[in-house]
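Next come the chains, spelled out residue by residue.
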Amino acid sequence: MTEDEPPARDARADGGDAGDGDRTDVEAGEDVERTDVDAGEMPSWSESAASRIVTASAKERVFISVAAFVASVLVGSVLVYVSGFLVDCPGGGFLGSCYNPFLVYYYLFVDPFIGGFNVALVMKESVLLLFTGLSVAVAFRAGLFNIGSQGQLVLGALATALALIFVAPYAPGGVLGSLVLVPFALFVGAAVGGLYGAIPGALKAYADANEVITTIMLNFVATNLVFFLISAYFQDPESGSVQTVAIPEAARLRPIVPFFEGAQFSVVALALGLGLVGGTFYVLANTAFGFDLRTSGLQAAAADYAGVDSNKLVVSSMTLSGALAGVGGAVYVMMVMARYRTGIPSLGFDGITVSILAGNNPLGVAPAALLFGVMKAGSLSIDFSLGVPKQLVGVLRGLVILFVAMPEFFRMLARYTPYGPDVDRAVATDGGDDDG
């Protein structure tokens, strides 16, 4: 840049338009190709396909997801029907096969919504996955892969249980106690999960450590540390299991709605999860922090040119991601177990699948978590009512996830082709996705 040239505009001040998308680093003087097709050149099929996949609108993504879901059901139905010929059953079953695909999918997707207990089971699984799905989605949007949500959830859950047990003698009872203890527990879970998430973030930012490796290893650290702490210092003396004593009654999240009475589900937890979905979407779509986070995830060079402190952003993103997972741990303790007990399900790893199904969009996490919760509840119904092996049911669930996630896989794959980065750069300089 010469002295006679005007200074470059701040990318954040005018909606992120840094040079109309034809340069990614003006200060470094690095020229890059324009995303527009040069005159006289026709784009190849792979270029136009990659562009359509990466820049697909929200409606197109929904249509692709629905079509992929239907395709997975069709393929799974054929697989179920053929598998029925490999076992013996009285009466010949369905058209000679022992397994009826229509009944299998009925119990997988319809039966979970019949009866209060089934619906509560679906909602319990879905609510827990809201938090871990959001946790992974936030990291993804920043260009980071947080596989450590499980460890952050585990430590957040233990910290929540211990904090509630410690303050129990000083806390009031009844509704007043709930109004004090529940927010306190959520804050503790978020703080501990966030601090644990900041560790791999700091290692990534200041030591260039791969966050995939560090978060995986920190999962093992968290799990074994929690087991040691409980068995050595905090174990319930009246129980033979590795668990703490029960948390106060006022801190437990109850069903409230009579329809769900007796189930491990709370409408308050659902409202909290949906509130975080909306809040996370708003932060990513309408705040400077969210814009910086999305821009950094799409094109790090554009974020650097816009003046974003990349190191600070990495730590902040991983801290927020860990805090959301820690809130999930707090909800698990207050809603499901009423104490901390080792052997928490792999909610953090399932959250990775939920985030991918949602296209890493916070608003998409809710339906993706619901789909996952329905399939988990339906799997139990199939095994109990039809006698279909749980391994085959697991294959059907895997097919649904695989087919629905494939469009997102191709979108991510396009980023590493000669065409994907140009498309991403155009999105970044236009201010990001229209869907947040």
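Residues numbered from 1 in each chain as written. Predicted model: local features only at pLDDT ≥ 70, side-chain atom pairs only at ≥ 80, totals over all residues. Heavy atoms only, no water.

### A few points about the overall build of the chain
Piece 1. Across its full length, the chain holds 15 helices and 2 strands.
Piece 2. Looking at the chain as a whole, 49% of its 436 residues qualify as buried.
Piece 3. A fraction of 76% describes how many contacts in the chain between residues 6 or more apart in sequence connect residues 24 or more apart.
Piece 4. Carbon and sulfur atoms form 65% of the exposed surface of the chain, whose accessible area is close to 20,700 Å². (Helix = DSSP H or I, 4+ residues; strand = E, 2+ residues; numbered from the N terminus. Buried < 20%, exposed > 50% of the residue type's maximum accessible area, 1.4 Å probe, protein only. Contact = heavy atoms within 4.5 Å. Areas by Shrake-Rupley, 256 points an atom, 1.4 Å probe, with all protein chains shown as cover.)

### Some details on the environment of Q235
Piece 1. Tracing the backbone shows Q235 in the loop between α7 (211-234) and α8 (267-286).
Piece 2. For Q235, a relative accessible area of 29% gives the class partly exposed.
Piece 3. In this structure the C-alpha to C-alpha distance between Q235 and V245, which are 10 residues apart in sequence, comes to 7.1 Å.
Piece 4. Not counting residues up to four positions away in its chain, the partners in contact with Q235 are I230, G240, S241, V242 and Q243.
Piece 5. In terms of polar contacts, Q235 uses its side chain to reach the backbone carbonyl oxygen of S241, at 2.8 Å. (Polar contact = N/O pair within 3.5 Å; in protein donor to acceptor, adjacent residues only side chain to side chain.)

### Thoughts on the side chain of E211
Piece 1. Topologically, E211 is positioned in helix α7.
Piece 2. When sequence neighbours within four positions are dropped, the list of residues in contact with E211 reads G143, L144, F145 and K204.

### A word on the packing of helix α5 (residues 149-167) against helix α6 (residues 174-207)
Piece 1. Axis separation between α5 and α6 bottoms out at 8 Å; the angle between their running directions is 140°. Between α5 and α6, the angle falls in the class oblique. You can see that α5 and α6 cross each other, and the crossing is right-handed. Contacts from G151, Q152, L155, G156, A159, T160, A163, L164 and V167 in α5 reach L181, F184, A185, V188, G189, V192, G193, Y196 and G197 in α6.
Piece 2. Among the residues forming the contact of α5 with α6, the class breakdown is 11 nonpolar, 7 polar and no charged. (Axes fitted to C-alpha atoms, helices over the stretch in contact; angles between N-to-C directions. Parallel < 35°, antiparallel > 145°, perpendicular 65-115°, else oblique. Left-handed = near helix turned anticlockwise from the far one by under 90°. Nonpolar A, V, L, I, M, F, W, Y, C, P; charged D, E, K, R; others polar.)

### Remarks on a nonpolar patch on the surface
Piece 1. Together, V221, L225, F228, Y233 and F234 line one region of the surface with nonpolar side chains, adding up to about 500 Å² of accessible area.
Piece 2. Within the secondary structure, F228 sits in helix α7. (Patch = residues over 30% accessible without salt bridge, like charges linked within 9 Å, V, L, I, M, F, W, Y side chains within 5 Å. Salt bridge = Lys/Arg side-chain N within 4 Å of Asp/Glu carboxyl O.)

### Brief notes about α8
Piece 1. Here α8 is 20 residues long and its end C-alpha atoms lie 28 Å apart, about the 28 Å a rise of 1.5 Å per residue gives.
Piece 2. The set of residues buried in α8 consists of A269, G273, V277, T280, F281 and L284. The buried side chains of α8 occupy one side of the element, clustering within an arc of 115° when seen end-on.
Piece 3. Close packing links the buried residues of α8 with α4 (116-141), α9 (288-298), α11 (310-337) and α13 (362-385). (Expected span 1.5 Å × (residues − 1). Arc of directions from axis to C-beta.)

### Some points on the packing of aromatic side chains
Note on aromatic pairs: each is described by the distance of the centres and the angle between the planes.
Piece 1. Applying the stated criterion to the full structure yields 8 aromatic pairs.
Piece 2. Within the aromatic cluster, the residues linked to one another by ring pairs are F69, Y105 and F109.
Piece 3. The ring of F372 has R397 sitting right over it, with the charged end atom 5.8 Å from the ring centre. (Phe/Tyr/Trp six-rings, centres within 6.5 Å; stacked < 30°, edge-to-face > 60°. Lys NZ or Arg CZ within 6 Å of the ring centre and 35° of its normal.)

### With respect to the packing of α8 against α9
Piece 1. For the pair α8 and α9, interaxial distance at closest approach is 5 Å and the crossing angle is 75°. When the axis of α8 is compared with that of α9, the two are roughly perpendicular. Here α8 contributes V283, L284, A285 and N286 to the contact with α9, which in turn contributes A288, F289, G290, F291, L293 and R294.
Piece 2. Among the residues making up the contact of α8 with α9, the classes are represented as 7 nonpolar, 2 polar and 1 charged.

### Quick notes on the pattern of salt bridges
Piece 1. One pass over the structure, following the stated rule, counts 7 salt bridges.
Piece 2. K376 is the partner of E125 in a salt bridge, and the nearest nitrogen-oxygen pair spans 3.6 Å. Within this pair, whereas E125 is found in helix α4, its partner K376 is found in helix α13, the two being separated by 251 residues in sequence. For the pair shown, E125 and K376 are each scored as buried.
Piece 3. The residue E249 makes a salt bridge to R252 at a minimum N-O spacing of 3.1 Å.
Piece 4. One network of salt bridges, in which partners are shared, links K124, E125, D350 and K376.

### Some details on unusual backbone geometry
Piece 1. Within the chain, D208 stands out as a residue other than glycine whose phi angle is a positive 55°.
Piece 2. Residue placement: D208 occurs in the loop between α6 and α7.
Piece 3. Phi is positive for N360, close to 60°, though the residue is something other than glycine.
Piece 4. For N360, the location among the structural elements is in the loop between α12 (347-357) and α13.

### Notes on the confidence of the model for the chain
Piece 1. Within the chain, residue pLDDT values average 79, and 77% of them lie at 70 or more.
Piece 2. Counting interchain partners and residues more than four positions distant, the pLDDT-below-50 stretch residues 1-55 has 68 contacts.
Piece 3. In the predicted structure, residues 421-432 sits below a pLDDT of 50 and forms 39 contacts with residues beyond four places in sequence or in another chain. (pLDDT = per-residue confidence, 0-100.)

### Here we look at the environment of P169
Piece 1. With respect to the helices and strands, the residue P169 is situated in the loop between α5 and α6.
Piece 2. Sequence-wise, P169 and P248 are 79 residues apart; in three dimensions their C-alpha atoms are separated by 9.0 Å.

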